[in-house]
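Single-letter residue listing:
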Amino acid sequence: QVQLAESGGGLVQPGGSLRLSCVASGRIFRINDMAWYRQAPGKQRELVAGITSGHSTNYAESVKGRFTISRDNTKNTAFLQMDGLKPEDTAVYYCNAKIISLFSVFQSDYWGQGTQVTVSS
């Protein structure tokens, strides 16, 4: 079994900052790509930022220059630093990881339970 657990969401005023964390645990052989997605009410889930095991990154246009994704491979953890938050960033944020578990030769997609981010004055 492999689990992803997010933390760090909350309520913040426009222009504020939050840092999300995602920890992978369980029977893990290797973690490949990790990413953050978000889903606002009435909208489809969208990719916010992704990072490879080699630390190459990509971002949605709407968050470039404001959000930074990073990871600590020694701790099976990914982070999303969110600065300059706007009301339109309000959503449930989900961690995603492509993981090869122990005793498996196949990569599978894993998701966290989500953490709420609300940007409001």
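Above this text you will find the structure in question.
In this text the structure is predicted, and so the values were computed from the model without any measurement.

*Asks:* Talk me through unusual backbone geometry; I want residue IDs and the actual numbers.
*Replies:* The phi torsion at His55 lies on the positive side, around 75°, for a residue other than glycine. Within the fold, His55 resides in the loop between strand 5 (46-51) and strand 6 (57-59). One non-glycine residue, Asn76, adopts positive backbone phi at about 50°. On the secondary structure map, Asn76 appears in the loop between strand 7 (67-72) and strand 8 (77-82).

*Asks:* Can you explain the pattern of salt bridges? Please cite residues and give values.
*Replies:* Considering all chains together, one arrives at five salt bridges under this definition. The residue Arg66 makes a salt bridge to Asp89 at a minimum N-O spacing of 2.7 Å. Of this pair, Arg66 sits in the loop between strand 6 and strand 7 while Asp89 sits in the loop between strand 8 and strand 9 (91-101), and the two are 23 residues apart along the sequence. The exposure class assigned to Arg66 is buried, which follows from its relative accessible area of 13%. Looking at Asp89, the relative accessible area reads 1%, which means it is buried. Lys98 is the salt-bridge partner of Asp109, the closest N and O atoms lying 2.9 Å from each other. With Asp109 in strand 10 (residues 107-111) and Lys98 in strand 9, this pair connects stretches of sequence that are eleven residues apart. Accessibility expressed as a relative area gives 44% for Asp109, which makes it partly exposed. Overlapping salt bridges, with partners in common, bring together Arg38, Glu46, Arg66 and Asp89 in one network.

*Asks:* Lay out the sheet that holds strand 3 (residues 18-26) with the relevant residues and their values.
*Replies:* Taken together, the four strands give an open sheet; going across it, the order is 1-3-8-7, and neighbouring strands pair in antiparallel fashion. Strand pairing shows two members of the sheet lacking a second neighbour, strand 1 (2-7) and strand 7, which therefore form its edges. The sheet shows a mean angle of 15° between the axes of neighbouring strands, taken without regard to direction. Relative to strand 8, strand 3 is paired through six bridges, and the arrangement is antiparallel.

*Asks:* Could you give an account of the pairing of strand 9, naming the residues involved and the relevant values?
*Replies:* Residues in a regular strand project their side chains so that they alternate between the two faces of the sheet. Among the eleven residues in strand 9, nine count as buried, and that is most of the element. Pairing analysis gives nine bridges linking strand 4 (residues 28-39) to strand 9, with the strands arranged antiparallel. By the bridge assignment, Ile28 is partnered in strand 9 with Ser101. Two strands pair when backbone bridges link them, and strand 9 and strand 11 (residues 115-119) are joined in this way by three bridges, in the antiparallel orientation. Residue pairing for strand 11: Val92 is matched across the bridge by Gln116. Relative to strand 10, strand 9 runs antiparallel, the two sharing five bridges. For Lys98, the partnering residue across the bridge sits in strand 10 and is Asp109. Between strand 9 and the antiparallel strand that follows it, strand 10, lie five residues; Phe103 among them carries a positive phi value of about 70°.

*Asks:* I'd like a description of a nonpolar patch on the surface, backed by residues and values.
*Replies:* Together, Phe29, Leu102 and Phe103 line one region of the surface with nonpolar side chains, adding up to about 390 Å² of accessible area. Its place among the elements puts Leu102 in the loop between strand 9 and strand 10.

What counts, and at which threshold
Residues numbered from 1 in each chain as written. Predicted model: local features only at pLDDT ≥ 70, side-chain atom pairs only at ≥ 80, totals over all residues. Heavy atoms only, no water. Helix = DSSP H or I, 4+ residues; strand = E, 2+ residues; numbered from the N terminus. Salt bridge = Lys/Arg side-chain N within 4 Å of Asp/Glu carboxyl O. Buried < 20%, exposed > 50% of the residue type's maximum accessible area, 1.4 Å probe, protein only. Pairing = 2+ DSSP bridges. Axes fitted to C-alpha atoms, helices over the stretch in contact; angles between N-to-C directions. Patch = residues over 30% accessible without salt bridge, like charges linked within 9 Å, V, L, I, M, F, W, Y side chains within 5 Å. Areas by Shrake-Rupley, 256 points an atom, 1.4 Å probe, with all protein chains shown as cover.

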